[in-house]
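Results of the structural survey
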Amino acid sequence: MSVQERKRRERASRERLIVATARELAEQQGWDAVTTRRLAERIEYSQPVLYSHFRGKREIIGAVALQGATELAGAVRAATAAADGPRERVTALARAYLDFATRNPAVYDALFQLDGGLAYAQEDTPEPLKDAFAALLETLDEVAGDGVAPGLFTEVFWASLHGIATLTRAGRLLPEDAGPRVELLVDRLAMV
């Protein structure tokens, strides 16, 4: 292995450590607890080393968001692949999405609530974000209905899921009613 290759691998390893540590800290104590100073202490590198990878917290949030988008896409695809029929796939999609939001609140915030410096719904949107949307579209395309643009339908369905996830987490909706909410969403919005 060349010296350059070793340095690239070490750099990539440090970057993964920074992102994993930021994510862990955010999941444990919230994003306010994630500072470059605390990250540097936890990973046992200096702040300048941290800044050599990320210009600041915003870019770290963006890196966590991209990682989360990949995980969300995988969770949705795994759930829908195991379901038979359109109704079951849409229900599995909704449950997988809400489960992801519940299990990964800091990652969910990085994806959809915080400024990670990422472009959404634009030409320069990063591939992991496009793929997360595509994972939703793949299932919802088949139930969008005649004359309804599948992308637009996916946006509305996604917005509904996001509202449910956000309001439940904020204590505005009862968590025990998650099942009936999903059923109502599937019945009325997806009409399957």
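Residues numbered from 1 in each chain as written. Predicted model: local features only at pLDDT ≥ 70, side-chain atom pairs only at ≥ 80, totals over all residues. Heavy atoms only, no water.

The name that an unreviewed UniProt entry assigns to the protein is TetR/AcrR family transcriptional regulator, with the source organism given as Streptomyces pactum.

1. Re the nonpolar core
Our working definition: In this description, a nonpolar core means a group of buried Ala, Val, Leu, Ile, Met, Phe, Trp, Tyr and Cys residues linked to one another through side-chain atoms lying within 4.5 Å. Type-normalised accessible area, obtained with a 1.4 Å probe on protein chains alone, sets the label of each residue: buried when under 20%, exposed when over 50%, and partly exposed for intermediate values. Think of it this way: any DSSP run of H or I at least four residues long counts as a helix, any run of E at least two long counts as a strand, and we number them from the N terminus. Any two residues whose heavy atoms approach within 4.5 Å are treated as being in contact.
Of all hydrophobic cores here, the largest spans 50 residues; its most connected members are Trp31, Leu140, Phe157 and Leu161. Broken down by element, this core gets its largest block of residues, 9 residues, from helix α4 (residues 57-81). Those residues within four positions of leucine 140 in sequence are excluded, and the remaining contacts are Val90, Leu93, Phe153, Thr154 and Phe157.

2. With respect to the UniProt feature "DNA-binding region" (unreviewed entry) in the protein
Note the cut-off: UniProt positions are given in the numbering used here, feature names are shortened, and annotations may be inferred rather than shown by experiment.
Per the UniProt record, "DNA-binding region" (unreviewed entry) is found at residues 35-54. Taken end to end, residues 35-54 is 75% helix and 0% strand, and its first and last C-alpha atoms sit 12 Å apart.

3. Thoughts on α4
Put simply, the rule reads: Between the first and last residue of a helix there are one fewer steps than residues, each counted as 1.5 Å, and that sum is the expected span.
Compared with the 36 Å implied by 1.5 Å per residue over 25 residues, the 36 Å span of α4 between its first and last C-alpha is a close match. The set of residues buried in α4 consists of Ile60, Ile61, Gly62, Ala63, Val64, Ala65, Gly68, Ala69, Leu72, Ala73, Val76 and Thr80. Among the structural elements, α1 (3-29), α2 (36-43), α3 (47-53), α5 (86-103), α6 (105-112) and α7 (127-140) are those in contact with the buried residues of α4.

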